[in-house]
Amino acid sequence: MEPQLLHSVTDGVATVVIHHPAKRNAMTAGMWAALPPLLDTLAADPAVRTLVLTGEGGTFCAGADISTLRGSADEAQGLAVRAEDALAAFPKPTLAAVRGHCVGGGCQLAAACDLRFADEGALFGITPAKLGIVYAASSTRRLVSLVGPATAKYLLFSGELIDAERALRTGLVDEVLPEGELDKRVAEFTRVLAARSQLTQAAAKEFAAGRTDRQPYWAEQARGSGDTAEGVAAFLERRQPRFTWTASGSTTQG
């Protein structure tokens, strides 16, 4: 099978799989370019309530497939940054499920997700210093926001790999799972995410990203959505809420 991004949607969860096992799921130029339009399609689908990004088999992503990046370094980095930015801007919760190597551009993609769950054997690294590449400012700021300046400098200056436990301690990942437990935990947690209010999630995602100008917009959305009334009623009636607001701006049965 050619290197590509595979995707499926089941029970409100979109799963995007980085599929290039011959090169440990390294991203080709075509795969970088394909990610933003794929994300646009999934974002517009009201059936999608959350998104999981993972790699085929035992590796998340070994970075960029250098052999396919025949243009300038700036062009190659531009493809990666556009894909990363599209992932960060996805309006619904995103989770990277990481096994094995999560390196270079792969770590860039994982960092652009809202959450990262990792297998205990996962390894993380950001390696532009090994290639003489200037890491993009936006990517650097995103990394610093996750792990702080000291750990960001350690990763960027050295290009060294860190294990899952250190990634957990520094904030690069949110949960580390024993071998064989990652899929089960991701499925369990995404069911939780899919059951919650997309209104709350979408507003929280913007505010966490630093938006300070959208409070009136979200207050208006809350007034018109019915989600608050439904949430309170469900709590009082001791049942699961049926939230109807969607991040695409329409309403559908949750």
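Here the structure is shown first, and the text comes after it.
Criteria and cut-off values
- Residues numbered from 1 in each chain as written.
- Predicted model: local features only at pLDDT ≥ 70, side-chain atom pairs only at ≥ 80, totals over all residues.
- Heavy atoms only, no water.
- Helix = DSSP H or I, 4+ residues; strand = E, 2+ residues; numbered from the N terminus.
- Buried < 20%, exposed > 50% of the residue type's maximum accessible area, 1.4 Å probe, protein only.
- Contact = heavy atoms within 4.5 Å.
- Polar contact = N/O pair within 3.5 Å; in protein donor to acceptor, adjacent residues only side chain to side chain.
- Pairing = 2+ DSSP bridges.
- Axes fitted to C-alpha atoms, helices over the stretch in contact; angles between N-to-C directions.
- Parallel < 35°, antiparallel > 145°, perpendicular 65-115°, else oblique.
- Nonpolar A, V, L, I, M, F, W, Y, C, P; charged D, E, K, R; others polar.
- Phe/Tyr/Trp six-rings, centres within 6.5 Å; stacked < 30°, edge-to-face > 60°.
- Lys NZ or Arg CZ within 6 Å of the ring centre and 35° of its normal.

Secondary structure assignment for the chain yields nine helices and nine strands. Seen along its three principal axes, the alpha-carbon backbone of the chain occupies a region of about 55 × 40 × 40 Å. Residue burial in the chain is summarised as follows: out of 254 residues, 46% are buried. Expressed as a percentage of contacts within the chain between residues at least 6 apart in sequence, the contacts between residues at least 24 apart total 68%.

Inspection of the secondary structure assignment puts Lys 92 in the loop between helix H2 (73–88) and strand E4 (94–98). For Lys 92 and Ala 44, which are 48 residues apart along the polypeptide, the C-alpha to C-alpha distance reads 10 Å. What Lys 92 contacts, discounting residues up to four positions off in sequence, is Leu 42, Ala 43, Asp 45, Val 48, Arg 49, Asp 114, Gln 198, Lys 205 and Ala 247. Among the polar contacts listed, one links the side chain of Lys 92 to the backbone oxygen of Asp 45, at a separation of 2.9 Å.

The strand order E1-E2-E3-E4-E6-E9 describes an open sheet built from six strands, whose pairing is mixed. Sheet topology places strand E1 (4–10) and strand E9 (175–177) at the edges, where each strand pairs with a single neighbour. Between one strand axis and the next, the sheet turns through 20° on average, direction left out of account. Of the strand pairs in this sheet, strand E2 (residues 13–19) and strand E3 (residues 50–55) are connected by six bridges, and their pairing is parallel. Within the sheet, the bridge partner assigned to Val 13 lies in E3 and is Thr 50.

Apart from glycine, the bulk of residues carry a negative phi angle, and the bulk of peptide bonds sit in the trans form. Positive phi, close to 50°, is recorded for Asp 11, a residue that is not glycine. With respect to the secondary-structure elements, Asp 11 resides in the loop between E1 and E2. One non-glycine residue, Arg 24, lies in the positive phi region at around 55°. Within the secondary structure, Arg 24 is located in the loop between E2 and helix H1 (29–44). Judged by its relative accessible area of 44%, Arg 24 falls in the partly exposed class.

Here we take up the packing of helix H7 (residues 198–208) against helix H8 (residues 215–225). Two elements in contact, H7 and H8, have axes separated by 11 Å at closest approach and are oriented at 175°. Taken together, H7 and H8 sit at an angle that is classed as roughly antiparallel. Residues Leu 199, Ala 202, Ala 203, Glu 206 and Phe 207 of H7 form the contact with H8, whose own contacting residues are Gln 215, Trp 218, Gln 221, Ala 222 and Ser 225. Counted by class, the contact of H7 with H8 contains six nonpolar, three polar and one charged residues.

We now examine the packing of aromatic side chains. Counting across every chain of the model gives three aromatic pairs. Consider the rings of Phe 117 and Phe 189, whose centres lie 5.2 Å apart with planes at 50°: the pair is tilted. Taken together, the residues span a long stretch of sequence, with Phe 117 in strand E6 (residues 115–119) and Phe 189 in helix H6 (residues 182–195) at a distance of 72 residues. In terms of burial, Phe 117 and Phe 189 fall into one category: buried. Ring pairing ties together the aromatic residues Tyr 217, Trp 218 and Trp 245, which thus form one cluster. The positively charged end of Arg 166 is found above the aromatic ring belonging to Tyr 154, 4.2 Å away from the centroid.

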